[in-house]
Amino acid sequence: MGFRCGIVGLPNVGKSTLFNALTETAAAQAANYPFCTIEPNIGRVAVPDPRLDRIREIAKSAQEIETQIEFVDIAGLVRGASQGEGLGNQFLANIREVDAIVHVLRCFEGGDVTHVEGRVDPIADAETVETELMLADLDSLERRVPNLVKKAQQGDKEAKIEASVLGQALELLRDSKPARLTQPKDAEETKALARAQLLTGKPVLYVCNVDEGDAASGNALCEGVAAKAKAEGAISVVISAAIEAEIATLAADEREAFLADLGLEETGLSRIIRAGYELLGLITFFTAGPKESRAWTVHRGAKAPEAAGEIHTDFERGFIRAETIAYDDFIACGGEAGAKETGKMRSEGKDYVVQDGDVLLFRFNV
């Protein structure tokens, strides 16, 4: 499945620079003025996973195919966006379509980049964006919930479910809290909340954009963002968009040395992806054969038939069983044949919960 992240923030905080670097493309125009990104630019990147390299080597596959993450660079938001200011309406429409929000915050002082509000305060920036999202959600729910309550009183079961969970979200918004703090009481309410596509219901990953010198350890501004994220149940990472842009120009064999010189162990892309997986509760499973070794993404807790459905709907519909090898066993046994011989390949049924790193072979009949 992969996942889709919308890169948002105030104008001139480094969104498009980061997008260009992460997708290793110049598709987004990075410039020092508001609204340089008019249409949402979309870029897909492979999710780096060294486990897939090992699996391919052992399986002697002709090729390997990584799972992908999609980044959407969305036009900068300004105060008043919920009322249509700037490119507000377009911003709000684009953000409804993503799985998670990557909120870029300026955490560097000085430089010749003009801040749209004339100051450097990442917490205030985050609150400006979130306030606009909350106002948009509040306007939407204040129109929807009373109608749902009326239908619920008339015996409409679906309206009753929606009125309950969206009513809770409305109360949170009236209390200046995001809808993602809503606590559905069951699976039906969870689905109803998801269908509502509330802007503040999206998981948030805060990206602290720092100067090169702070890329390894962050700074005081980043610490404030980290505290805010922790209080909200969100996640924050520290990245230098300038460094990421430079990494994007280097040959693959030069990047490791460049990162080491800066005291970094991995690229910002890797940190964002790992944080995104944690935020959305995603895991990776693998398939391996002579033609290809491939990585696939599912939600944590997914059962075997659902994982099979990521490959093809027929696999899920006609699911019989999943021949399963844990990643560590696949490596230790030298692949599928060795796992079979040592009893490390298991035959799992419909109720099996897929684990991160599982190497799976699905048996099905349609």
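Residues numbered from 1 in each chain as written. Predicted model: local features only at pLDDT ≥ 70, side-chain atom pairs only at ≥ 80, totals over all residues. Heavy atoms only, no water.

### Things to note about the overall build of the protein
- When helices and strands are tallied, the protein shows 14 helices and 12 strands.
- Each of the 366 residues in the protein was classed as buried or not, and the buried ones make up 49%.
- The long-range share in the protein, meaning contacts at least 24 apart out of those at least 6 apart in sequence, stands at 70%.
- Here the protein has roughly 17500 Å² of accessible surface; of this, 48% comes from carbon and sulfur atoms. (Helix = DSSP H or I, 4+ residues; strand = E, 2+ residues; numbered from the N terminus. Buried < 20%, exposed > 50% of the residue type's maximum accessible area, 1.4 Å probe, protein only. Contact = heavy atoms within 4.5 Å. Areas by Shrake-Rupley, 256 points an atom, 1.4 Å probe, with all protein chains shown as cover.)

### Thoughts on the nonpolar core
- By size, the foremost hydrophobic cluster in this structure holds 51 residues, and its most contacted members are F71, L205, V207 and I272.
- Beyond its immediate chain neighbours, meaning those up to four positions away, V207 contacts L18, V102, H103, V104, L105, V237, I239 and I272.
- Among the nonpolar cores identified, the runner-up in size contains 17 residues, and M134, L138, A192 and L193 belong to it. (Core = buried A, V, L, I, M, F, W, Y, C linked by side-chain atoms within 4.5 Å.)

### Considering the confidence of the model for the protein
- For the protein, per-residue confidence averages 87 on the pLDDT scale, and residues scoring 70 or more make up 88% of the total.
- Considering only residues more than four positions removed or in separate chains, one finds that residues 26-38, a stretch of pLDDT under 50, has 36 contacts. (pLDDT = per-residue confidence, 0-100.)

### Side note on the environment of N365
- The residue N365 is located in the segment after β12 (359-364) in this model.
- For the pair formed by N365 and I320, sequence separation is 45 residues and the distance between their alpha carbons is 6.9 Å.
- Apart from the residues within four sequence positions on either side, N365 is in contact with G318 and I320.

### Examining the packing of aromatic side chains
- Tallied over the entire structure, the rule returns five aromatic pairs.
- An angle of 90° between the planes, with centres 6.2 Å apart, marks the rings of F285 and F362 as edge-to-face. Linking F285 in strand β8 (residues 282-288) with F362 in strand β12, this pair joins segments that are 77 residues apart in sequence. There is no split in this pair, since F285 and F362 are both buried. (Phe/Tyr/Trp six-rings, centres within 6.5 Å; stacked < 30°, edge-to-face > 60°.)

### Considering the sheet that holds strand β6 (residues 204-209)
- With respect to topology, six strands assemble into an open sheet ordered β2-β4-β1-β5-β6-β7, the strand pairing being mixed. Each having just a single partner strand, β2 (41-46) and β7 (235-239) make up the two edges of the open sheet. Pairwise comparison of adjacent strand axes, ignoring direction, gives a mean angle of 25° for this sheet.
- The pairing of β2 with strand β4 (residues 68-73) spans six bridges and is classified as antiparallel. Bridge assignment links A46 to a residue of β4, and that residue is Q68. (Pairing = 2+ DSSP bridges. Axes fitted to C-alpha atoms, helices over the stretch in contact; angles between N-to-C directions.)

### A word on unusual backbone geometry
- We note that S176 has phi near 60°; this positive angle belongs to a residue other than glycine.
- Locating S176 in the fold gives a position in the loop between α5 (157-174) and α6 (187-195).
- Residue S176 is classed as exposed on the basis of its relative accessible area, which comes to 56%.
- Its identity is not glycine, yet Q197 carries a phi of approximately 50°, on the positive side.
- Structurally, the position occupied by Q197 is in the loop between α6 and β6.

### Here's the deal with the side chain of S293
- Following the sequence through the fold, S293 ends up in strand β9 (residues 292-299).
- For S293, a relative accessible area of 0% translates into the label buried.
- Among the polar contacts made by the side chain of S293, one reaches the side chain of S61 at a distance of 2.6 Å.
- Residue contacts for S293: discarding those within four places in its chain leaves L52, I55, R56, A59, S61, Q63, E64, I65, T287 and A288. (Polar contact = N/O pair within 3.5 Å; in protein donor to acceptor, adjacent residues only side chain to side chain.)

### Quick word on the packing of helix α4 (residues 122-153) against α5
- Remark: α4 packs on α5, axes separated minimally by 8 Å, with the N-to-C direction vectors making an angle of 145°. The hand of the α4/α5 crossing is left-handed. Each of M134, D137, L138, L141, E142, R144, V145, L148, V149, K151 and A152 in α4 lies in contact with α5, whose residues at this interface are A159, K160, E162, A163, L166, G167, A169, L170, L173 and R174. (Left-handed = near helix turned anticlockwise from the far one by under 90°.)

### Thoughts on the pattern of salt bridges
- All chains considered together, the criterion is met by 20 salt bridges.
- For the salt bridge of E142 with R174, the shortest nitrogen-to-oxygen distance reads 3.5 Å. Taken together, the residues span a long stretch of sequence, with E142 in helix α4 and R174 in helix α5 at a distance of 32 residues.
- E142 sits in the partly exposed class, given a relative accessible area of 39%.
- Salt bridges here are not isolated pairs; linked through shared partners, they connect E130, R180, K228 and E232. (Salt bridge = Lys/Arg side-chain N within 4 Å of Asp/Glu carboxyl O.)

### What about a negative patch on the surface?
- A cluster of acidic side chains, namely E109, D211, E212 and E246, defines a negative patch on the protein surface.
- You can see E109 is positioned in the loop between β5 (100-106) and α4.
- Overall, the relative accessible area of 53% leaves E109 in the exposed class. (Patch = residues over 30% accessible without salt bridge, like charges linked within 9 Å, V, L, I, M, F, W, Y side chains within 5 Å. Lys, Arg positive; Asp, Glu negative; His and termini not counted. Charge placed at Lys NZ, Arg CZ, Asp CG, Glu CD.)

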